[in-house]
Amino acid sequence: MERTFPVPVAARAPARGPKRLVARRSDGRLGDLVRARYAAAFEFLYERHVAGLLGFCRHMLGSQDEAEDAVQQAFVSAHDAMRRSGREIAFKPWLYTIARNRCVSILRARREQPAELPELSTAGLNEQVDRRADLRELVLDVQRLPEQQRAALVLSELGDLSHAEVAEVIGRE
């Protein structure tokens, strides 16, 4: 492992031992290891948060492909920022803030090029499909919420963030 600057002993990655011991560390400790250029630390942060972040972005954007792009960009931005800065962060809300900002940018770009979605027909479908239509309608209702309300709802319900963390992510104290 190559280091370009001195790293305090407390921030150094273990010289030996199973990676699973490193994986059990807190987000803050893993962040210290990322700053110390221990590559596996960011992999553990990624594995820990990618599913929740993808769900959040998918609900914000309504598109799996765009959500995957937003998540990838959020993690790249987070990694770059962590390597450049030594400031303390609360990783999870900070990461969700980065992802939320990326989703907002994507939504703004969409507004500049509006496209009509085709109306889905449920005529002649069985009861199970009708329930799916109700669910689809509920999802559309959530998508119609103002961006900050939608973000707060999705962060709270799917992102498993506390109310204080949600407020931090959407910029409300």
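Everything discussed here concerns the structure shown above.
Residues numbered from 1 in each chain as written. Predicted model: local features only at pLDDT ≥ 70, side-chain atom pairs only at ≥ 80, totals over all residues. Heavy atoms only, no water.

Some remarks on the overall build of the chain
Point 1. From N to C terminus, the chain includes eight helices and zero strands.
Point 2. For the chain, the sequential pattern of α-helices and β-strands runs α-α-α-α-α-α-α-α.
Point 3. Counting all 173 residues of the chain, 35% fall into the buried class.
Point 4. Counting only contacts in the chain whose residues sit at least 6 apart along the sequence, the fraction spanning at least 24 positions is 55%. (Helix = DSSP H or I, 4+ residues; strand = E, 2+ residues; numbered from the N terminus. Buried < 20%, exposed > 50% of the residue type's maximum accessible area, 1.4 Å probe, protein only. Contact = heavy atoms within 4.5 Å.)

Some details on the nonpolar core
Point 1. Membership of the largest hydrophobic core comes to 41 residues, with the highest contact counts inside it found for Leu53, Phe56, Cys57, Met82, Trp94 and Leu155.
Point 2. By residue number, the principal contributor to this core is helix H3 (residues 39–61), which donates twelve residues.
Point 3. For Cys57, the contacting residues outside a window of four places in its chain are Gly62, Ala67, Ala70, Val71, Ala99 and Cys103. (Core = buried A, V, L, I, M, F, W, Y, C linked by side-chain atoms within 4.5 Å.)

Details of helix H4 (residues 64–84)
Point 1. In this model, H4 (21 residues) spans 30 Å end to end at C-alpha, consistent with the 30 Å of a helix rising 1.5 Å per residue.
Point 2. Turning to H4, its buried residues are Ala67, Ala70, Val71, Ala74, Phe75, Ala78, Ala81 and Met82. In an axial view of H4, the angular spread of the buried residues amounts to 135°, which keeps them on one side of the axis. Facing away from the buried surface of H4 by more than 90 degrees, the exposed residues are Asp65, Gln72 and Arg84.
Point 3. Next to the buried residues of H4 lie helix H2 (27–35), H3 and helix H5 (91–112). (Expected span 1.5 Å × (residues − 1). Arc of directions from axis to C-beta.)

Side note on the environment of Ser156
Point 1. Note that Ser156 resides in helix H7 (residues 147–157).
Point 2. Take Ser156: its relative accessible area is 25%, and that puts it in the partly exposed class.
Point 3. C-alpha separation for the pair Ser156 and Val166, spaced ten residues apart in sequence, amounts to 6.6 Å.
Point 4. Excluding residues that lie within four positions of it along the chain, Ser156 makes contacts with Leu161, His163 and Val166.

Topic: empty space enclosed by the protein
Point 1. In the structure shown here, the tally under the stated rule is one cavity of 30 Å³ or more.
Point 2. A volume near 50 Å³ is recorded for the largest cavity.
Point 3. Top element by residues in the lining of the largest cavity is H2. It accounts for four residues.
Point 4. Considering only residue class, the lining of the largest cavity consists of three nonpolar, two polar and three charged. (1 Å grid on protein atoms, 1.4 Å probe; cavity = no way out; pocket = protein on both sides within 12 Å on 5 of 7 lines; lining within 4 Å. Points joined across faces, edges and corners; volume = space filled by probe spheres on them. Nonpolar A, V, L, I, M, F, W, Y, C, P; charged D, E, K, R; others polar.)

Quick word on the environment of Ala90
Point 1. Relative to the elements of secondary structure, Ala90 occurs in the loop between H4 and H5.
Point 2. Of the residues examined, Ala90 reaches a relative accessible area of 40% and is grouped as partly exposed.
Point 3. Ala90 sits 62 residues away from Gly28 along the chain, and the two C-alpha atoms are 7.1 Å apart.

So far we have only geometry, and geometry alone does not tell us how the molecule works.
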